[in-house]
Protein chains: 2
Amino acid sequence: MDKTSKMDRRVKYTKMVIKESFIKLLHEKPITKITIREICDLSDVNRTTFYAHYHDQYDLLRQLQNELMTEIVSYLNQHTTDRAGTVSAETLEEIFSYIKEKAEICSLFLSDNVDTNFENQVIKLFHEWCISTWASKRLNSKLDMEYIYTFSAYGCIGVIKKWLDEGMVKPTGEMADFIIKMTSQGLGSLSQQSIFHT
Amino acid sequence: MDKTSKMDRRVKYTKMVIKESFIKLLHEKPITKITIREICDLSDVNRTTFYAHYHDQYDLLRQLQNELMTEIVSYLNQHTTDRAGTVSAETLEEIFSYIKEKAEICSLFLSDNVDTNFENQVIKLFHEWCISTWASKRLNSKLDMEYIYTFSAYGCIGVIKKWLDEGMVKPTGEMADFIIKMTSQGLGSLSQQSIFHT
DNA sequence: CACAAAAACCAACACAGTGTTGAAAAACCA
DNA sequence: TGGTTTTTCAACACTGTGTTGGTTTTTGTG
């Protein structure tokens, strides 16, 4: 599972400072403007050493994103032992609390300074989870189901992004309730009128 | 409005071939791997000439995105003369038809090969439109309104992405109906059970 | 502790892309 | 045609890339 345990101390340190420096730089500028030289200068690591561990900046980013992703997945596996494949408000609130814990890195990976890979991974995870839990349920059609999941997944990601951008002022409980309302009754439950009409 | 009219023929041609080549390359690889040299080689334009018109690849991309964006805005201004600030199913279907017309460039700008700028611009446009039309309506709170718009905007973008990826097999009319259902009654109208529960 | 293995460092390399220059050639428009 | 604008061209210094072979340093272990 955790490969850092059997790692050489030197490797552990090197990877750590490289990652720290890279994240620091990502806060300042888009990944397209970040050079390997720059990362090495900041982390005081030889450029040759960087190449020994990563192919380039994008490889480094992917590794960081994957690490966070597996961490999220393991968290979800521990906390979503719900019956019948639905998520309770309490669990949802826990998930928002977890995001709050990891706010710095989450908001960074969902920001404009990086690519959409992390967002896509989250969407995909949501998808797989929906497929597995919805398999037993009746739905209008296979096609619509896919679109429903997509709308909800992107809606949730967008709301999470906004929440993070605003500094998470809205309480996690309210966020959980909001998501439930949006995914169950939709706009009708929150505003008097819809945006669109027939 | 259209600045191409008063442009020198040579400028018009140069910009055209550069844009064509750039879009061609964007179909093949992410923008991060595209060099100015490459664009110039493909379009048979001197590199100095490129610098006379654009700062770099990203500047070029922005200009292309802005052009498409202003085109979309002018289209919407012509077609959404709806009363009371809501969009009819017919208008929504027209919008989907328009997206279908511009499918190649839209799907490209929403793909992983480019940044999230275009997506953000669309979201922002949706936002401004909502603010102006919702101004007169009663809502639970200012804060929730913002979140509702965000959820819907991202949901719509996600569905449009998916629709484009699938080659737009689902008819525009069905897409319009789907969006209306999602933004009015939400999941409850389409499936027997919600993903989340209280 | 000592020693073999592994990792990091170093200097140097060829190569490619960048952004800018000044001047010549070509194309434009009136 | 003639003056203007644009493109082209060759050359420039500079920066980042990715890889080399060899040296130094650090590590885990018997």
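Residues numbered from 1 in each chain as written. Chains lettered and ligands numbered in written order. Predicted model: local features only at pLDDT ≥ 70, side-chain atom pairs only at ≥ 80, totals over all residues. Heavy atoms only, no water.

Caption draft 1: A look at the domain arrangement of chain A. Residues and elements named next belong to chain A. Here the domain parsing of chain A yields domain 1 (8–54) and domain 2 (61–189). Listed per partner, the contact involves 12 residues of domain 1 and 9 residues of domain 2. Across the interface of domain 1 and domain 2, roughly 920 Å² is buried in total on both sides, 66% from carbon and sulfur atoms. The tally of links between domain 1 and domain 2 comes to 1 salt bridge. With its nearest N and O atoms 2.9 Å apart, the salt bridge here joins Glu 67 to Lys 19. For the side of domain 1 that touches domain 2, the element with the highest residue contribution is helix α1 (residues 9–28), accounting for 7 residues. (Domains from an automatic or database assignment. Contact = heavy atoms within 4.5 Å. Buried area = accessible area lost by both parts, 1.4 Å probe. Salt bridge = Lys/Arg side-chain N within 4 Å of Asp/Glu carboxyl O. Helix = DSSP H or I, 4+ residues; strand = E, 2+ residues; numbered from the N terminus.)

Caption draft 2: Main features of the protein's contact with DNA strand D. In the vicinity of DNA strand D, 19 residues are found, and the nearest of them are Arg 10 and Arg 37 of chain A together with Arg 10, Thr 14 and Thr 49 of chain B. Close to the protein, within 4 Å, the atoms of DNA strand D belong to sugar or phosphate groups at a rate of 63%. In this structure, a phosphate oxygen belonging to DNA strand D sits 3.4 Å away from a main-chain N or O atom of Arg 37 of chain A. His 53 of chain B places a side-chain nitrogen or oxygen 3.1 Å from a phosphate oxygen of DNA strand D. Looking at the surface near DNA strand D, the elements with two or more residues in it are α1, α2 (36–43) and α3 (47–53) of chain A together with α1 (9–28) and α3 (47–53) of chain B. Among the residues forming the surface near DNA strand D, the class breakdown is 4 nonpolar, 7 polar and 8 charged. (Near = heavy atom within 4 Å. Polar contact = N/O pair within 3.5 Å; in protein donor to acceptor, adjacent residues only side chain to side chain. Nonpolar A, V, L, I, M, F, W, Y, C, P; charged D, E, K, R; others polar.)

Caption draft 3: Examining the protein's contact with DNA strand C more closely. Residues in contact with DNA strand C amount to 19 residues; listed here are only the nearest, Thr 14 and Thr 49 of chain A together with Arg 9, Arg 37 and Arg 47 of chain B. The sugar-phosphate backbone supplies 64% of the atoms of DNA strand C found within 4 Å of the protein. Arg 9 of chain B places a side-chain nitrogen or oxygen 2.7 Å from a phosphate oxygen of DNA strand C. One nitrogen or oxygen atom from the side chain of Tyr 51 of chain B is found 3.2 Å from a phosphate oxygen belonging to DNA strand C. Mapped by element, the contributors of at least two residues to the surface near DNA strand C are α1 and α3 of chain A together with α1, α2 (36–43) and α3 of chain B. Per-class residue counts for the surface near DNA strand C are 4 nonpolar, 7 polar and 8 charged.

Caption draft 4: Highlighting a negative patch on the surface. All names here are of chain A. A contiguous patch of negative charge on the surface is contributed by Glu 90, Glu 93, Glu 94 and Asp 177. Per-element tally for the negative patch: the top contributor is helix α5 (residues 89–101), with 3 residues. Relative to the helices and strands, Asp 177 resides in helix α9 (residues 172–184). Residue Asp 177 is classed as partly exposed on the basis of its relative accessible area, which comes to 38%. (Patch = residues over 30% accessible without salt bridge, like charges linked within 9 Å, V, L, I, M, F, W, Y side chains within 5 Å. Areas by Shrake-Rupley, 256 points an atom, 1.4 Å probe, with all protein chains shown as cover. Lys, Arg positive; Asp, Glu negative; His and termini not counted. Charge placed at Lys NZ, Arg CZ, Asp CG, Glu CD. Buried < 20%, exposed > 50% of the residue type's maximum accessible area, 1.4 Å probe, protein only.)

Caption draft 5: Geometry of the side chain of Gln 57 of chain B. Residues and elements named next belong to chain B. Within the element layout of this structure, Gln 57 appears in helix α4 (residues 57–79). Within the local environment of Gln 57, its side chain forms a polar contact with the backbone oxygen of Ile 34, the two atoms lying 2.7 Å apart. The residues contacting Gln 57, other than those within four sequence positions of it, are Phe 22, Ile 31, Ile 34, Thr 35, Ile 36, Ile 39 and Phe 50.

Caption draft 6: Local environment of the packing of aromatic side chains. Evaluation of the coordinates by the stated rule reveals 15 aromatic pairs over all chains. Between Phe 96 of chain A and Trp 163 of chain A, the ring centres sit 5.2 Å apart and the planes meet at 90 degrees, which makes this aromatic pair edge-to-face. Of this pair, Phe 96 of chain A sits in helix α5 while Trp 163 of chain A is found in helix α8 (residues 142–165), placing the two residues 67 residues apart along the sequence. When its relative accessible area of 3% is taken as the criterion, Phe 96 of chain A is described as buried. Overall, the relative accessible area of 0% leaves Trp 163 of chain A in the buried class. Measuring from ring centre to ring centre gives 6.4 Å for Phe 126 of chain A and Tyr 149 of chain A, while their planes differ by 25 degrees; the resulting arrangement is stacked. Placement of the pair is Phe 126 of chain A in helix α7 (residues 117–134) and Tyr 149 of chain A in helix α8, with a sequence separation of 23 residues. There is no split in this pair, since Phe 126 of chain A and Tyr 149 of chain A are both buried. Following the ring pairs from residue to residue traces out a cluster consisting of Phe 50, Tyr 51 and Tyr 54 of chain A. The ring centre of Tyr 147 of chain B lies 5.7 Å from the NZ or CZ of Lys 162 of chain A, which sits over that ring. (Phe/Tyr/Trp six-rings, centres within 6.5 Å; stacked < 30°, edge-to-face > 60°. Lys NZ or Arg CZ within 6 Å of the ring centre and 35° of its normal.)

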